[in-house]
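# Structure at a glance
What follows is each chain in one-letter form.
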Amino acid sequence: MKNFLSQREQKYYIALFKHAELLNMECNNGLKLFIIADVHCKSSNECNGIHKQWCDEITFVYSGEGEVITNDKREPIRQGQIHLCFKEDMHQIIPSRINPLKFYCIGFELENSNPLYNLRNQAKSQILSGQDSIIKGMNDMHSSCMNALSTIKEEENNQIHSALATNSLNYIIGTVLKKFTSTNENYSKSISMKESLLFYVISYLKNNVYNINALKNLPADIGYSYSYISHLFSDVMKESLKDFFIKLRMETATELLRETSVTKVSNMLGYSSVHAFTRAYKTACGKAPSSLKSDNSTD
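Residues numbered from 1 in each chain as written. Predicted model: local features only at pLDDT ≥ 70, side-chain atom pairs only at ≥ 80, totals over all residues. Heavy atoms only, no water.

## Side note on the packing of aromatic side chains
The relative placement of two aromatic rings is captured by the distance of their centres and the angle of their planes. This model, assessed by the stated rule, comprises five aromatic pairs. On the numbers, 5.6 Å between centres and 55° between planes, the contact of Tyr171 with Tyr204 is tilted. Note that Tyr171 is positioned in helix α4 (residues 159–181) and Tyr204 in helix α5 (residues 191–207), a separation of 33 residues in sequence. Each member of the pair, Tyr171 together with Tyr204, is buried. Each ring, one from Phe233 and one from Phe244, has its centre 5.2 Å from the other, and the planes form 55°; the classification is tilted. With a gap of eleven residues between them, Phe233 in helix α6 (residues 226–237) and Phe244 in helix α7 (residues 241–257) connect regions that are remote in the sequence. Accessibility classification places Phe233 together with Phe244 in one group, the buried group. Among the aromatic residues, those joined into a ring-pair cluster are Tyr271, Phe277 and Tyr281. (Phe/Tyr/Trp six-rings, centres within 6.5 Å; stacked < 30°, edge-to-face > 60°. Helix = DSSP H or I, 4+ residues; strand = E, 2+ residues; numbered from the N terminus. Buried < 20%, exposed > 50% of the residue type's maximum accessible area, 1.4 Å probe, protein only.)

## Comments concerning the environment of Leu110
Its location among the elements puts Leu110 in strand β9 (residues 101–110). Judged by its relative accessible area of 6%, Leu110 is buried. Expressed as a C-alpha distance, the spacing of Leu110 and Leu31, which sit 79 residues apart in the sequence, is 4.9 Å.

## Quick notes on α6
Its twelve residues give α6 an end-to-end C-alpha distance of 16 Å, which sits within 8% of 16 Å, the value for a rise of 1.5 Å per residue. For α6, the full list of buried residues reads Ile229, Ser230, Leu232 and Phe233. One side of α6 carries all its buried residues, which in axial view fall inside an arc of 170°. In α6, the exposed positions angled more than 90 degrees off the buried face are occupied by Ser227 and His231. Lys238 sits one or two positions beyond α6 and adopts a positive phi of about 65°. (Expected span 1.5 Å × (residues − 1). Arc of directions from axis to C-beta.)

## Description of the pattern of salt bridges
Counted by the stated rule, this structure contains seven salt bridges. A salt bridge links Lys73 to Asp132; the shortest N-O distance between them is 3.6 Å. Residue Lys73 is located in strand β6 (residues 73–78), and its partner Asp132 is located in the loop between α2 (117–128) and β10 (134–136); the two are separated by 59 residues in the primary sequence. The exposure class assigned to Asp132 is partly exposed, which follows from its relative accessible area of 44%. (Salt bridge = Lys/Arg side-chain N within 4 Å of Asp/Glu carboxyl O.)

## Section: the side chain of Gln131
Checked against the element boundaries, Gln131 lands in the loop between α2 and β10. In this structure Gln131 comes out as buried when scored by relative accessible area, which is 19%. Only 2.7 Å separates the side chain of Gln131 from the side chain of Gln126, close enough to count as a polar contact. (Polar contact = N/O pair within 3.5 Å; in protein donor to acceptor, adjacent residues only side chain to side chain.)

## Notes on the sheet that holds β6
As summarised here, the arrangement of the four strands in space is β3-β8-β5-β6, forming an open sheet in which the pairing is antiparallel. Of all the strands in the sheet, the pair left with one neighbour each is β3 (51–52) and β6. (Pairing = 2+ DSSP bridges.)

In structure tokens form, the structure reads like this:
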């Protein structure tokens, strides 16, 4: 993975998050990850005192309480809350002495090629105009951060691992940005919000391609009905949600088939049988899945 931090910056992050392994990762879709860490912060010194942000940063507190200072604005923060700050902000986290903080921290940068870039700028604009930089978290944020950290720290370096890591991060970042911008009633009905919803759905589908057998079983925490999502998807993307998901599953299958057997891929994607998978793959791709099977894989 490309290392885009200078040695001085690396030392800074190691000092700042001494409980976590430093990560340097350039993901797909215009996303750079500087660090993802599970931080146990007992004193402000452990969080390096006040400092200037070198990237955008999400903090999700899953235990404890304390205060966050951003550009001289002081806000209390506690379990279940999310803080968002941006590059160039002056930032400090101060944990309670009685109930110290435990939190996930994600330091990242979105380039303008990332579909979330405009949503990020909207969130920044709202915070600069006076909106609180702390909001209540979503119920599944703890497990999402834990799974993302676990995925990224796996010692693999292939397209499948990179795709899974990228989707996990985009899902978390998109969820947080959507949560911040949806607090603005005027913005919640705008076109860009619809686009962000679509990216959120797409990221969710990619991140859960192994677990979703029926699109109508999409989880309720997306916040919209299946009929609304399906109609919006067709209207904006000019293809049906069903066709997109079939294509996504077949693309995933194609990548997996280069490394493992047809039987294993069929099981991983939740097909009822190898024959059902083979039939679906032939229909979508025009050839048998066995034609891509690695020479050293066996059924």
